[in-house]
Amino acid sequence: DGGITQSPKYLFRKEGQNVTLSCEQNLNHDAMYWYRQDPGQGLRLIYYSQIVNDFQKGDIAEGYSVSREKKESFPLTVTSAQKNPTAFYLCASRTAGNTGELFFGEGSRLTVL
Amino acid sequence: EDQVTQSPEALRLQEGESSSLNCSYTVSGLRGLFWYRQDPGKGPEFLFTLYSAGEEKEKERLKATLTKKESFLHITAPKPEDSATYLCAVNTGFQKLVFGTGTRLLVSP
């Protein structure tokens, strides 16, 4: 079945450590996105990529980094520079163009101890 | 600034008690409005896309409508399994969706 796979589902990190969240899709979508979800707030865009080897900052990119070496994969690294990393992270994708709906993965919950 | 506001924040219904959720928006150029359902600890699940005022979409007990300033998600005779958070998002044409904070719906037997 086609879909978006995020891993790990739960992740614990000590302060000062970098962590990488995986996102893989087999929908043959060109565009991929990372959102952050916090209680009481709408989803906020971290980074997005419309094509391999290209990506753009979203609204809250500080303290995060991404890569897009393959069409299917868009990993997110939460660096130690991110001051409040505890959150629910969602990866999404959609077809090329700018009008279609986003399809989401199941999410990764990161907790900083 | 593009903005999406959902109301109410939370809604509790008895099974079979129909109601509506509201999504009002202020955007520079609407290129689609989306409704999603999100269960606790899961990613949002796509429900509907609406593109122009007057458009309506239906799926089982859910019906979404769109005007120039807002969208409604009507829930007819809800069941407990309809309990979830419902998210509204608008596509402004700048490669990102602007999301509302959602309405938490609880349907009691």
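What comes next concerns the included structure. This one's a predicted model, so the numbers in the text were calculated from it and none came from an experiment.

1. As for the packing of aromatic side chains
Reasoning step 1: Taken as a whole and assessed by the stated rule, the structure comprises 11 aromatic pairs over all chains.
Reasoning step 2: With a centroid separation of 5.4 Å and an interplanar angle of 80°, the aromatic rings of Tyr-35 of chain A and Phe-99 of chain B are classed as edge-to-face. Of this pair, Tyr-35 of chain A sits in strand β4 (residues 31-37) while Phe-99 of chain B sits in strand β10 (residues 97-99), which puts the two residues in different chains.
Reasoning step 3: An aromatic cluster of three or more residues is present, and its members are Tyr-33, Tyr-35, Tyr-48, Phe-103 and Phe-104 of chain A together with Tyr-36, Phe-46 and Phe-99 of chain B.
Reasoning step 4: We note Arg-68 of chain A situated over the ring of Phe-74 of chain A; from NZ or CZ to the ring centre the distance is 6.0 Å.

2. Brief notes about the interface of chain A and chain B
When the parts of a complex come together, some accessible area is lost, and that lost area is often used as the size of the interface.
Reasoning step 1: Contact residues are listed per partner, giving 24 residues for chain A and 21 residues for chain B.
Reasoning step 2: Here chain A and chain B share an interface that buries about 1800 Å² over both sides, 49% of which is from carbon and sulfur atoms.
Reasoning step 3: Linking chain A to chain B there are 0 salt bridges.
Reasoning step 4: On the surface where chain A and chain B come into contact, there are 4 residue pairs in polar contact (both at pLDDT 80 or more).
Reasoning step 5: Looking at the side of chain A that touches chain B, the elements that each hand over two or more residues are β4, β5 (44-51) and β9 (87-94) of chain A.
Reasoning step 6: A class-by-class count of the residues in the side of chain A that touches chain B yields 9 nonpolar, 10 polar and 5 charged.

3. As for the sheet that holds strand β6 (residues 56-59) of chain B
Hydrogen bonds between backbone groups are what pair the strands of a sheet, and the pairing can be parallel or antiparallel.
All names here are of chain B.
Reasoning step 1: The sheet built from 5 strands is open, its strands ordered β1-β3-β8-β7-β6 with antiparallel pairing. Of all strands in the sheet, those bounded by a partner on one side alone are β1 (3-7) and β6. In this sheet, adjacent strand axes meet at a mean angle of 15° when their direction is disregarded.
Reasoning step 2: Pairing analysis gives 6 bridges linking strand β3 (residues 19-26) to strand β8 (residues 70-75), with the strands arranged antiparallel. Its bridge partner lying in β8, Cys-23 is registered against Ser-71.

Quick notes on the rules
- Residues numbered from 1 in each chain as written.
- Chains lettered and ligands numbered in written order.
- Predicted model: local features only at pLDDT ≥ 70, side-chain atom pairs only at ≥ 80, totals over all residues.
- Heavy atoms only, no water.
- Phe/Tyr/Trp six-rings, centres within 6.5 Å; stacked < 30°, edge-to-face > 60°.
- Helix = DSSP H or I, 4+ residues; strand = E, 2+ residues; numbered from the N terminus.
- Lys NZ or Arg CZ within 6 Å of the ring centre and 35° of its normal.
- Contact = heavy atoms within 4.5 Å.
- Buried area = accessible area lost by both parts, 1.4 Å probe.
- Salt bridge = Lys/Arg side-chain N within 4 Å of Asp/Glu carboxyl O.
- Polar contact = N/O pair within 3.5 Å; in protein donor to acceptor, adjacent residues only side chain to side chain.
- Nonpolar A, V, L, I, M, F, W, Y, C, P; charged D, E, K, R; others polar.
- Pairing = 2+ DSSP bridges.
- Axes fitted to C-alpha atoms, helices over the stretch in contact; angles between N-to-C directions.

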